[in-house]
Structure formats: C-alpha cells, structure tokens
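# Chains, contacts and geometry: an overview
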Amino acid sequence: MEQAKSKEKDKYRCIVCGYIYDPEKGDPDGGIKPGTSFAAIPDTWVCPLCGVDKNSFELVRDYEEVIP
C-alpha cells in the first residue's frame, strides 16, 4: 500500500527540456488538477514547456535533487 502511495507522488522529468511534473502541483494550464499522478495524466497531455508527449518523461529518483 505504501508503495502505491509513493507512485502517486513520483515526479517525472522531461528528457528534452528538464521540466519536472510534480503531482502535488499538477499542470492547471494543461488541464491537470493538483494531486494527479503522472500515470493518471491522459496520453494526449504534452510537456507545457517544449510540447513532447508523456513518453519523453523519466522518473525522478528519490536520491536525485529536484531543483524547482
């Protein structure tokens, strides 16, 4: 159960531009409400900075520093 909670809070980084998707913030301008996990984002969603699709994102590991 705790692992599932962790996945809901996982952050993802765009490998093209470095944008970090943070589920706590969501992407309100892109129609994604705060609290939405990356897995729950529709496949039609694109990076708000460079426009690539979800396949161009990678999981940010816990030990990596995320600079807002």
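Below or above, wherever it landed, is the structure these notes cover.

Parameters and conventions
- Residues numbered from 1 in each chain as written.
- Predicted model: local features only at pLDDT ≥ 70, side-chain atom pairs only at ≥ 80, totals over all residues.
- Heavy atoms only, no water.
- Phe/Tyr/Trp six-rings, centres within 6.5 Å; stacked < 30°, edge-to-face > 60°.
- Lys NZ or Arg CZ within 6 Å of the ring centre and 35° of its normal.
- Helix = DSSP H or I, 4+ residues; strand = E, 2+ residues; numbered from the N terminus.
- Contact = heavy atoms within 4.5 Å.
- Pairing = 2+ DSSP bridges.
- Salt bridge = Lys/Arg side-chain N within 4 Å of Asp/Glu carboxyl O.
- Buried < 20%, exposed > 50% of the residue type's maximum accessible area, 1.4 Å probe, protein only.

A separate point is the packing of aromatic side chains. Applying the stated rule across the entire model yields seven aromatic pairs. Taken together, Y12, Y19, Y21, F38, W45 and F57 form an aromatic cluster joined through their ring pairs. In this structure, K54 is placed above the aromatic ring of F38, and the distance from its NZ or CZ to the ring centre is 5.0 Å.

Right, let's talk about the environment of S56 for a bit. Within the element layout of this structure, S56 appears in the loop between β2 (20-21) and β3 (57-59). C-alpha of S56 to C-alpha of C17: the two residues are 39 residues apart in sequence and 9.8 Å apart in space. Dropping the residues within four chain positions of it, S56 is found in contact with R13, C14, I15 and V16.

So, about the sheet that holds β2. As summarised here, the arrangement of the three strands in space is β2-β1-β3, forming an open sheet in which the pairing is antiparallel. The open sheet has two edge strands with one neighbour each: β2 and β3. As judged from the two bridges shared by strand β1 (residues 12-14) and β2, these two strands associate in the antiparallel manner. Looking across to β2, one finds that R13 is bridged to I20.

Glancing now at the pattern of salt bridges. Summed over the entire model, instances satisfying the criterion amount to three salt bridges. A salt bridge links D43 to K54; its shortest N-O distance comes to 3.9 Å. Taken as a pair, D43 in the loop between β2 and β3 and K54 in the loop between β2 and β3 lie far apart in primary sequence, 11 residues in all. Taking relative accessible area as the criterion, K54 reaches 13% and is therefore assigned buried.

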